[in-house]
Amino acid sequence: MRALFPRSLFPALMGLLAALAGAASEMRFPPPEFETDYTMPGITTPPPRSLAMEYVDTALLVTALGLAAWLVHRRRSRRGLVALSVFSLVYFGFIRTGCICPIGAPQNVALGMFDPGYTIPLTALAFFLVPLVFSLFWGRTFCAAVCPHGALQDLVLIKPVKVPLWIEQGLGIVPFIFLGLGIWLAATGTAFIICRYDAFIPLFRMNGSVFGLALGGIFLAAALFIGRPFCRFLCPYGALLRLGSIVSRKAVRITPDYCTQCRLCEHSCPFGAIREPVKLPVTPNALAPERRRLTWLILALPVLIAGGAWLGSKLSVAAAKMHPTVALAEQFLAGDKAPAPATALPTPETRALGRAAETAPELIAAASEVRRRLGIGGWWFGGWVGLVIGARLISLSLRPNRTDFEPDRGACYACGRCYLACPNERVRVGLITPAEAAALQAHAPVPRPDVKTS
Amino acid sequence: MSHPAPNPSSVSRRQFLREGMRLAAMTGAGAFVGLSSGRTGAREHYVWQIDPTKCVYCGNCATACVLKPSAVKCVQAYEICGYCDLCTGYFVPEPNALNTGAENQVCPTAAIERKFIEDPYYEYNIIESRCIGCAKCVEGCTRFGNGSFYLQVRHDRCVNCNECSIARVCAGDAFRRVPASNPYFLKTSAH
Ligand code: SF4
Ligand code: SF4
Ligand code: SF4
Ligand code: SF4
Ligand code: SF4
């Protein structure tokens with residue numbers, strides 16, 4: 001046993017130490033005056049990654065986003081996007097090893113907003129905002145070929161299976177909830193859970209906890225068969241980009257010319273983003289039940305939000321346990337009644353409790369302040385969850401106005417896979433002749449009579 | 001109206017709505033940049049560092065880092081080291097002999113080098129490639145010596161996680177974000 005002293009002496013020594021620390025900092029053993037010509041080595045301070053590199057990263061991010069936008073909308077080249085994805089995966093993934101990436105950046109922004117002790121570094125702000133601004137103009141160009149997480153999943157996809165639409169729509173709200181949770185916990189300084197459950201950073205570092213690496217492995221294995229599982233069902237930044245993309249200036253088009261509704265592209269999207277044309281009913285009256293449902297849902301929205309907020313406020317006590325200060329304060333207050341056995345060796349817990357005992361009043365005050373802030377945040381978070389569920393229900397009962405086969409603006413990652421599935425596009429880029437296209441379309445699945453338009 | 005063709009007025013309404021929302025989003029982003037740049041001036045990024053006055057040598061530094069082995073290492077503040085013959089950071093309590101025998105050393109990986117300088121002084125160096133950041137020597141040195149051994153996040157190793165995974169389990173609450181231009185605590189006085 002290498003205990004330096006019996007456990008029973010621990011509190012006494014702590015007190016002694018505290019006294020020593022108070023009585024100025026005298027050395028117990030004065031540093032020697034050397035007689036020989038001894039030169040004292042200095043402490044080395046290897047610098048962190050330089051600020052210049054952070055700016056290089058930002059510049060590369062902007063360039064890559066611009067290039068992706070060009071490849072998606074102008075050049076319309078899947079091959080170019082693959083090449084850019086490989087670059088992004090290597091540079092932003094394996095070389096830069098992630099942090100701070102746009103996916104986690106909402107947390108830095110939230111912390112910066114609410115914690116006066118933390119200012120958002122310029123580069124973190126840029127990584128947060130630039131892809132979002134791009135999404136407002138050109139859709140999810142970040143997801144297309146710049147995000148290393150997306151690129152990794154996209155490049156390993158070998159045999160996509162179709163996820164039923166109802167699962168897609170149901171699980172599709174998880175990223176929004178995760179985003180809300182991440183911001184709530186980050187703004188209160190509790191935890192950066194988006195980083196904690198990031199699936200791919202441990203893989204990029206090729207180093208990490210067993211949990212992190214296992215999570216990465218699971219997502220990677222799933223990504224072989226399910227197109228981009230992390231993007232679709234977890235990524236909180238993707239949720240923001242989805243919103244940006246819905247209102248974007250330019251939307252991804254399967255063919256920029258004209259859609260003859262041959263349905264040849266229908267299954268070309270591995271992420272289930274292609275939607276079929278929707279026909280308006282023959283008589284406007286047929287819309288009445290839908291309108292009624294929509295009205296009910298809109299009326300129910302405030303109720304959902306209020307209910308969510310109330311539930312959220314109940315969550316805050318549990319969430320507070322994630323905050324180290326609150327956890328320690330609780331443990332300390334509970335331990336007051338049952339003191340630890342005096343013989344045990346010090347463990348991280350007993351040492352933390354020792355600190356708690358020394359600073360009990362401040363600790364408890366700090367913990368209750370965290371609790372209070374988490375409590376306020378809990379209302380907002382719950383309300384957000386209610387809003388997300390309500391908005392999804394409403395969007396499901398909105399009748400889209402679509403005459404062609406088109407990617408869903410929010411769900412499309414702008415990967416460019418569908419482009420060449422369209423015979424008209426192939427004619428446009430000169431791969432086949434119009435006659436060949438017509439032949440292809442003749443063998444295409446028979447269009448449903450109700451979507452056949454003039 | 002019984003024609004199934006798209007309804008142009010509804011298309012343009014949606015288009016209008018979309019443009020309005022985009023404009024709102026852009027304004028929001030702009031306001032946001034204005035707000036945060038007014039509030040910060042943070043040209044720098046942050047890195048994680050250990051405040052040695054708060055470290056309670058819990059040992060989590062060796063186990064909780066996302067890197068294996070940890071990016072936290074012990075450093076030696078030579079200026080405040082006593083160059084003691086009986087170094088309480090180097091030797092276990094009541095060592096058999098004051099020599100470099102492994103059974104006498106506190107360090108589980110023999111990462112501390114003991115070098116004779118002149119009678120009765122010895123220099124102690126951390127061999128960083130061996131150190132796992134377990135803080136055993138730090139405890140010995142800080143409790144009973146001058147506290148010249150202390151733990152620091154080594155930035156040539158640390159990948160600067162957005163949330164340091166040691167910070168959230170640190171028993172002393174010793175981790176904090178420090179400006180990257182000043183990334184180390186340089187200990188110049190004991191404790
Ligand atoms: S959804 Fe998220 S993880 Fe996927 S590509 Fe977009 S930002 Fe990256
Ligand atoms: S570009 Fe086409 S294939 Fe790729 S995600 Fe969008 S709709 Fe799907
Ligand atoms: S920031 Fe990450 S790599 Fe650095 S010490 Fe903390 S856990 Fe280790
Ligand atoms: S005792 Fe632990 S912290 Fe000290 S040098 Fe050895 S491995 Fe490093
Ligand atoms: S986790 Fe904190 S208290 Fe424990 S050894 Fe590291 S710095 Fe010291």
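All of these numbers come straight from a predicted model, not from anything done at the bench.

Scoring rules and cut-offs
Here, residues in each chain are numbered from 1, in the same order as that chain's written sequence. By the order in which they are written, chains take letters starting at A while ligands take numbers starting at 1. Owing to the predicted nature of the model, reporting of local features is limited to residues with pLDDT of at least 70; listing and counting of side-chain atom pairs is limited to 80 or more, with chain, interface and lining totals taken over all residues. The side-chain values count all of the structure's non-hydrogen atoms but skip hydrogen atoms and water molecules. Any residue with a heavy atom positioned within 4 Å of a molecule or strand is treated as near that molecule or strand. Gly falls in the polar group here, along with every residue not listed as nonpolar (Ala, Val, Leu, Ile, Met, Phe, Trp, Tyr, Cys, Pro) or charged (Asp, Glu, Lys, Arg). In this description a helix means any DSSP run of H or I spanning at least four residues, a strand means any run of E spanning at least two, and both kinds are numbered starting from the N terminus. Here the expected length of a helix is defined as 1.5 Å per residue gap, with one fewer gap than residues. For every residue, the accessible area obtained with a 1.4 Å probe (protein chains only) is divided by the maximum for its type, and the residue is called buried under 20%, exposed over 50%, and partly exposed between those limits. The arc refers to the directions leading from the helix axis to the C-beta atoms. By definition, residues are in contact when any of their heavy atoms lie within 4.5 Å. Here the limits of each domain have been adopted from an automatic or database domain assignment. Accessible surface is computed with a 1.4 Å probe, and the buried area is the amount of it that two parts give up when combined, taken over both parts together. For salt bridges, the criterion is a side-chain nitrogen of Lys or Arg within 4 Å of an Asp or Glu carboxyl oxygen. Definition of a polar contact: a pair of N or O atoms within 3.5 Å, with one able to donate and the other able to accept a hydrogen when the atoms are protein atoms, and with sequence-neighbouring residues admitted only if both atoms are side-chain atoms.

**Examining the site of ligand 5**
Argument step 1. Taken together, 14 residues sit near ligand 5, with Cys55(B), Val56(B), Cys58(B), Cys61(B) and Cys170(B) positioned nearest.
Argument step 2. Looking at side-chain class alone, the shell around ligand 5 contains 11 nonpolar, three polar and no charged residues.

**Considerations on helix H16 (residues 324-335) of chain A**
Residues and elements named next belong to chain A.
Argument step 1. Given a rise of 1.5 Å per residue, 12 residues ought to cover 16 Å, and the 16 Å separating the end C-alpha atoms of H16 matches this to within 8%.
Argument step 2. Burial in H16 covers these residues: Thr325, Val326, Leu328, Ala329 and Phe332. Along the axis of H16, the buried positions cluster into a sector of 165 degrees, meaning they face one direction only.
Argument step 3. Next to the buried residues of H16 lie helix H15 (288-320), helix H17 (348-358) and helix H18 (360-397).

**Considerations on the domain arrangement of chain A**
All names here are of chain A.
Argument step 1. Here chain A is partitioned into domain 1 (54-250) and domain 2 (284-397).
Argument step 2. Of note, the centres of domain 1 and domain 2, computed from C-alpha atoms alone, are 25 Å apart.
Argument step 3. Taken together, the contact pairs 20 residues of domain 1 with 18 residues of domain 2.
Argument step 4. Around 1500 Å² of area is buried between domain 1 and domain 2 when both sides are counted, 71% of it from carbon and sulfur atoms.
Argument step 5. By the criterion of area lost to domain 2, the three top residues of domain 1 are Trp184, Thr188 and Thr190, representing 40% of everything that side buries.
Argument step 6. In this assembly, domain 1 and domain 2 are joined by zero salt bridges.
Argument step 7. For the pair domain 1 and domain 2, the interface holds six residue pairs in polar contact (both at pLDDT 80 or more).
Argument step 8. Only helix H8 (165-171), helix H9 (174-187) and helix H10 (193-196) provide two or more residues apiece to the side of domain 1 that touches domain 2.
Argument step 9. No other element matches H9, which puts eight residues into the side of domain 1 that touches domain 2.
Argument step 10. Class assignment of the residues belonging to the side of domain 1 that touches domain 2 gives a composition of 11 nonpolar, six polar and three charged.

**Concerning H17(A)**
Structurally, the α-helix is built with 3.6 residues per turn, so residues lying three or four positions apart point the same way.
Argument step 1. Listing the buried residues of H17(A) in full gives Thr350(A), Arg351(A), Ala352(A), Gly354(A), Arg355(A) and Ala356(A).
Argument step 2. Along its buried surface, H17(A) packs onto H16 and H18 of chain A together with helix H3 (136-144) of chain B.

**Brief notes about the pattern of salt bridges**
All names here are of chain A.
Argument step 1. Overall, the coordinates contain 28 salt bridges over all chains when judged by the stated rule.
Argument step 2. Measuring nitrogen to oxygen at the nearest pair gives 2.8 Å for the salt bridge that ties glutamate 168 to arginine 232. You can see glutamate 168 sitting in helix H8 and its partner arginine 232 sitting in helix H13 (residues 229-233), a full 64 residues away along the chain.
Argument step 3. With a relative accessible area of 10%, glutamate 168 lands in the buried category.
Argument step 4. The buried category is assigned to arginine 232, whose relative accessible area is 3%.

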